[in-house]
Amino acid sequence: MRVINSIPEKHRLLSLTEPLHPLISVVRVGDVRAVDDPVWDRFSLNFYCIALKRNVISKMQYGQQPYDYDKGVMTFIAPKQVISLDGPPVYETGQDAGYALFFHPDYLHHHPLALKIKSYGFFSYTTSEALHLSEHEEKCVSEIFTKIEEECQHADLHTQDVILAQIELLLSYGNRFYARQFTTRKPASDAMLVRMEQLMNEHFNKNEGLTRGIPKVEYLAAALNLSPHYVSDLLRAVTGESAQYHIQEKLMDKAKEYLSVTDLTVSEIAYQLGFKHPQSLNRLFRKKTGMSPLDFRRKFTSARHPGSL
């Protein structure tokens, strides 16, 4: 795998002129004429890339998922993420083909965005989870790319602050538009929730907790062909709760079931569910219900057999 270390190197691979600044550039996608180079088979960037692309002809493999670009989609790529193409990227020509913003982490030094940018989960999404924009959203985003492009044409004491403010605005729009995408694509979101529930039921019904441990977000995401960050963000947007919350709720449901209908000890139930230590189940159970597993069992038994008191 080849690492593209600098933005000037990326420009050369795209047959573009040298960037005016070595740490940041805005590219008009319609101007790209990628060279035929083995680099496209598997590579990573040593800088950030935020792109708005329309009518892309080539296919991209990002993580485990192939993706055919459609009109008006955005992708967010962080440094060191592995990308594969089925040949040099091919784009339609013209001013409406879109934009790509490249910026090196060094450009963010001594600015709050250097830390804040790591909190944007969509940099960890796969390309198949790209952001699909409405016409109005495209217009908002295009204007930001244009403003950054204009700022890159000249430099003064305020240029960097203005550009970083525009990048932060672009990321804020990314958060807003993804939240909209999660909720407007409700059938797909509901189907994902149902499938996630099925996966957890299968996990517990097959007693996979004994070998796999507690189901993790990464395991569920892989089974859903989604990235962990995408699953977590979608669940939070649709249900208001994190993926970890949903997993813990399912653990509690199964623990209550075992406590109610079996004679398994608390330790046996803990190992059955995938806990490494029974104390971990005790702590979680008390946190969620306000009582210990044994107290729950006694309360359930007395409720079913009041004469036993």
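Below, the structure is looked at part by part. Every residue gets a number counted from 1 within its own chain, in the order that chain's sequence is written. Residue-level local features of this predicted model are given only where pLDDT is at least 70; pairs of side-chain atoms are given and counted only at 80 or more, and the full residue set underlies all totals for whole chains, interfaces and linings. Only hydrogens and water are removed before side-chain values are computed, so all heavy atoms of the structure are retained for them.

1. Observations concerning the environment of Pro88
Here is step 1 of the chain: Under the DSSP-based scheme used, a helix requires at least four consecutive residues in state H or I and a strand at least two consecutive residues in state E, with every element numbered from the N terminus. Within the secondary structure layout, Pro88 lies in the loop between strand S8 (82-85) and strand S9 (98-103).
Here is step 2 of the chain: Each C-alpha atom of the pair Pro88 and Leu13 lies 9.3 Å from the other, and the pair is 75 residues apart in sequence.

2. Things to note about the sheet that holds strand S10 (residues 131-132)
Here is step 1 of the chain: What makes two strands pair is DSSP finding at least two bridges between them. On the basis of which strands lie adjacent, the open sheet formed by five strands has the order S2-S9-S4-S7-S10 and antiparallel pairing. Where the open sheet ends on each side, the last strands, each with one partner, are strand S2 (24-28) and S10.
Here is step 2 of the chain: As paired strands, S2 and S9 are joined by five bridges and run antiparallel to one another. Within S9, the position partnered with Ser25 by the bridge is Phe102.
Here is step 3 of the chain: Throughout, a contact is declared for two residues whenever any of their heavy atoms are within 4.5 Å. Angles shown run from 0 to 180 degrees and are taken between the N-to-C directions of axes, each axis being a line fitted to C-alpha atoms and, for helices, limited to the stretch in contact. Sitting on the sheet, helix H3 (residues 135-152) is in contact with S2, strand S4 (48-53), strand S7 (73-77), S9 and S10, with an inclination near 50° to S9.

3. Things to note about the pairing of S9
Here is step 1 of the chain: Only protein chains enter the accessibility calculation, which uses a 1.4 Å probe; a residue is then buried when its area is under 20% of its type maximum, exposed when over 50%, and partly exposed in between. Extensive coverage of S9 is indicated by the burial of six of its six residues.
Here is step 2 of the chain: Here S4 pairs with S9 via six bridges, running antiparallel. If you follow Ala51 over to S9, its bridge partner there is Ala100.

4. Concerning the packing of aromatic side chains
Here is step 1 of the chain: Stacked, tilted and edge-to-face are the three classes applied to pairs of Phe, Tyr and Trp rings, where Trp contributes its six-membered ring and a pair requires centres within 6.5 Å; stacked means planes under 30 degrees apart, edge-to-face means over 60, and tilted covers the rest. Applying the stated criterion to the full structure yields 17 aromatic pairs.
Here is step 2 of the chain: On the basis of an interplanar angle of 15° and a centroid distance of 5.3 Å, the ring pair of Tyr173 and Phe177 is categorised as stacked. Note that Tyr173 and Phe177 are positioned in helix H4 (residues 159-184) at a spacing of four residues, about one turn of the helix.
Here is step 3 of the chain: Criterion for a charge above a ring: Lys NZ or Arg CZ within 6 Å of the ring centre, and within 35 degrees of the ring normal. Here the guanidinium or amino end of Lys254 rests over the ring plane of Tyr258, the centre of that ring lying 5.8 Å away.

5. With respect to the pattern of salt bridges
Here is step 1 of the chain: Any carboxyl oxygen of Asp or Glu within 4 Å of a side-chain nitrogen of Lys or Arg constitutes a salt bridge here. Within this structure, the stated rule accounts for 13 salt bridges.
Here is step 2 of the chain: Among the salt bridges present, the one from Arg2 reaches Glu9, with a minimum N-O distance of 3.1 Å.
Here is step 3 of the chain: Since its relative accessible area comes to 33%, Arg2 is described here as partly exposed.
Here is step 4 of the chain: Note that Arg180 and Glu137 form a salt bridge whose closest N and O atoms lie 2.7 Å from each other. Here Glu137 lies in helix H3 and Arg180 lies in helix H4, a separation of 43 residues in the sequence.

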